[in-house]
Structure formats: C-alpha cells, structure tokens
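# Topology and contacts: notes
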Amino acid sequence: MIGPGHTRRYLWLTLGLVLALGAGAGLACYHFSCDPMAHAAARDGDVMVWMRHEFCLGDGQYAEVLRLHEEHSMVCAQHCAAVRAARGRLVEAQALGEASAIADAALKLRRTAEVCRASTEAHVRRVAAAMAPEQGARYLALVLPRLAALDHQGPPSPSLDR
C-alpha cells in the first residue's frame, strides 16, 4: 500500500518531469526555427540583409529588391521633401492666422502626404511581388499597416535603427 506521502512525491516528480520536457521541447523548437542570419542582421541593423533571410530571398529576388529600393529611394526623397515643404507652408499660414490660407495649406499637405503614402504602398507591393507568393503576403501583412505612420523625414534607411 502506498501512503499519501509517496503519492505526493510521485505527483511532484511527474509534474517536474513534464515541465522539464515541455521547456526542453520549447527551447528546441525555438532554436531550430530561428534563422541566425536574420537575427544577426536585425542585431546589426541591416534591413536589407534581414529581409533577405527573413523572407527567404534567392539571389535574383534579393537583387530585384535592392534595385527596387534604390529606385524608390530617389522618388521617396522627393515626395518627403514636398511633404516637409507643405508642412512649412502650413506653419507659415497658421502664423499669419488667415483661415483660407490655413485651409489651403492643410489641403495641400494632405494631398502631398497622400501622394507619398500611395507611392510607398505601390513600392511595397512591387517588393512583395518580387518575393515568393507566401513570403510576399507575409511582407505585405507586416509593412502595409505601418504606412500610416510615415514621418516623411526621407527615404527609410537600410538600417533598423532609423
């Protein structure tokens, strides 16, 4: 006959063993599912290398994404400069206090910012199209929601720290 002390001891041993096995399985899954190159690129702040590994880009896909990034950077710089100029005109109009000038400047700022956002969205969709379909869909799901937060300070840096 097994006493209550033995039952409790087996319960705790079994529970400890189950927890240890669960933790070990979790660590193994984490270790084998993580891409060390993607983590290194993220740690170093290199967006393009991170993208290459995170979205499993082959050499041709990576070259196309780099080309698209370079091509869009020039357009993005022009759009962001236009948005910053429109912001400046709005500040000037607000300083003058003329309601019609403020309304006109605010409208121009909204239109200019929308051109920039639409251009960036088109670029993001071109980048996604250069990827494998499932990777492109994942990229769009990650990036498209962030477009509303564009700061219009210039083209995104290829480093994660900006």
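This text follows the structure it describes.
As a starting point, this report considers the structure included with it. (Residues numbered from 1 in each chain as written. Predicted model: local features only at pLDDT ≥ 70, side-chain atom pairs only at ≥ 80, totals over all residues. Heavy atoms only, no water.)

On to the state of the cysteines, then. The tally for this structure, following the rule as stated, stands at zero disulfides. In this model C80 remains outside any disulfide bridge; the closest cysteine sulfur is found in C76, 3.9 Å from its own. We classify C80 as buried; its relative accessible area is 3%. (Disulfide = S-S within 2.5 Å. Buried < 20%, exposed > 50% of the residue type's maximum accessible area, 1.4 Å probe, protein only.)

Among the nonpolar cores identified, the biggest contains 18 residues, and M51, F55, V65, V127, M131 and Y139 are the most heavily contacted of them. Mapped onto this core, the elements with two or more residues apiece are α3 (47-54), α4 (59-96), α5 (99-129) and α6 (133-143). Looking at which element gives the most residues to this core, the answer is α3, with four residues. Excluding residues that lie within four positions of it along the chain, V127 makes contacts with M51, V65, L68 and Y139. (Core = buried A, V, L, I, M, F, W, Y, C linked by side-chain atoms within 4.5 Å. Helix = DSSP H or I, 4+ residues; strand = E, 2+ residues; numbered from the N terminus. Contact = heavy atoms within 4.5 Å.)

On inspection of all chains with the given rule, the structure shows eight salt bridges. The salt bridge involving E121 is made with R117; its shortest N-O contact spans 2.6 Å. With E121 and R117 both in helix α5 and four residues apart, this pair spans about one turn of that helix. For R117, a relative accessible area of 25% corresponds to the partly exposed category. Because the salt bridges share partners, they merge into one network encompassing E114, R117, E121 and R125. (Salt bridge = Lys/Arg side-chain N within 4 Å of Asp/Glu carboxyl O.)

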